[in-house]
Amino acid sequence: MSMAPNNTRSNTVTAVKPNKWSSAVKIFHWGSVLLLIVVWGMITLHKGSSAGDTYLDLHRAFGVSLLFWMIARVISRIISPTPASVPMPKWQTAVSHLTHLLLYVLLFAMPLSGILMTWYGGRSIDMFGLFQLPSILATDRGQARFFNNLHTDVIWPTLLVFTALHILGALQHQFIKKDNIMSRIK
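Reading the values: the criteria
- Residues numbered from 1 in each chain as written.
- Predicted model: local features only at pLDDT ≥ 70, side-chain atom pairs only at ≥ 80, totals over all residues.
- Heavy atoms only, no water.
- Helix = DSSP H or I, 4+ residues; strand = E, 2+ residues; numbered from the N terminus.
- Rg over C-alpha atoms; globule rule 2.2 N^0.38 Å.
- Buried < 20%, exposed > 50% of the residue type's maximum accessible area, 1.4 Å probe, protein only.
- Contact = heavy atoms within 4.5 Å.
- 1 Å grid on protein atoms, 1.4 Å probe; cavity = no way out; pocket = protein on both sides within 12 Å on 5 of 7 lines; lining within 4 Å.
- Points joined across faces, edges and corners; volume = space filled by probe spheres on them.
- Nonpolar A, V, L, I, M, F, W, Y, C, P; charged D, E, K, R; others polar.
- UniProt positions renumbered as here; feature names shortened; annotations may be inferred.
- Axes fitted to C-alpha atoms, helices over the stretch in contact; angles between N-to-C directions.
- Parallel < 35°, antiparallel > 145°, perpendicular 65-115°, else oblique.
- Left-handed = near helix turned anticlockwise from the far one by under 90°.
- Salt bridge = Lys/Arg side-chain N within 4 Å of Asp/Glu carboxyl O.

Asker: Residues and numbers for the overall build of the protein chain, please.
Answerer: Helix and strand content of the protein chain: four helices and two strands. From first element to last, N terminus to C terminus, the protein chain shows the α and β order α-α-α-β-β-α. Here the C-alpha radius of gyration of the protein chain, 22 Å, is well above what a compact globule of 186 residues would show, namely 16 Å. Principal-axis analysis of the C-alpha atoms places the extent of the protein chain at approximately 90 × 40 × 30 Å. Per-residue burial over the protein chain gives 31% buried out of 186 residues. Of the contacts formed within the protein chain by residues at least 6 apart in sequence, a portion of 69% connects residues at least 24 apart.

Here you go:
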């Protein structure tokens, strides 16, 4: 008389999470940093220059590029495996997730508000001299002013605050907790 073995183990396989983000996620992360610095640099140069709208045109073109970069970044983030969680208190995990979410929202809101400001101002956006993104909106100075104020007085300072929180959190993990968190994204 033969008895079938009693197999009490689950047949499900637990996927092993990677220790680092994928190369694509890393490229999009650091590319976003670079694009944001370039966009900021162009508007800073514009404010201190008598070269006309050259730097402003580049600011707008790089801003639109950042919007498309962010779309690709979100797609990459969705399809890439998430690394194993870093052990930390639940409140820190919640703050980390909220900060990342707000950074993503702000990195979309910033170029969108700039595009709307430009289009409501009745201007097209010159994309590096290659082509123009014509305004698809009726000129409305009130709306242009609203989006200008949103772009410069609300979104930009908020983006700076949450970027600082993100950097400070990473530095705190790296140098105080010494959990080598930065190796996940470099």
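Asker: Describe the layout of surface pockets, listing the residues and the values that go with them.
Answerer: Taken as a whole, the largest pocket holds about 1600 Å³ of empty space. Lining the largest pocket are 47 residues, and of these H29, S96, H100, L103 and H166 sit closest to its centre. Elements represented by at least two residues in the lining of the largest pocket include exactly α1 (23-47), α2 (54-79), α3 (90-120) and α4 (141-177). Its residues assigned to classes, the lining of the largest pocket shows 28 nonpolar, 16 polar and three charged. Considering only enclosed or pocket space, the second largest pocket measures out at about 510 Å³ in volume. For the lining of the second largest pocket, the elements supplying multiple residues, two or more each, are α1, α2, α3 and α4. Classifying every residue of the lining of the second largest pocket gives 13 nonpolar, eight polar and three charged.

Asker: Explain the UniProt feature "domain: Cytochrome b561 bacterial/Ni-hydrogenase" (unreviewed entry) in the protein chain to me, and be specific about the residues and the numbers.
Answerer: As annotated by UniProt and renumbered to match this structure, "domain: Cytochrome b561 bacterial/Ni-hydrogenase" (unreviewed entry) occupies residues 21-185. Note that residues 21-185 is 72% helix and 4% strand, and that its end C-alpha atoms are spaced 6 Å apart.

Asker: Quick rundown of the packing of α1 against α2? Include the residues and the values.
Answerer: For any two helices packed against each other, one specifies the crossing angle of their axes together with the interaxial distance. Interhelical geometry of α1 versus α2 gives an angle of 165 degrees and a closest axis separation of 9 Å. As far as their axial angle goes, α2 and α1 are roughly antiparallel. The element α1 and its partner α2 pack so that their crossing is left-handed. The residue inventory of the contact of α1 with α2, partitioned by class, reads 19 nonpolar, eight polar and two charged.

Asker: Outline the pattern of salt bridges, supporting the account with residue identities and numerical values.
Answerer: For the coordinates displayed, the defined rule picks out one salt bridge. Of the charged contacts in the structure, one is a salt bridge between D57 and R60, with a shortest N-O distance of 3.7 Å. With D57 and R60 both in helix α2, this residue pair falls three residues apart, about one helical turn. You can call D57 partly exposed: its relative accessible area is 27%. Residue classification places R60 among the buried positions, given a relative accessible area of 14%.

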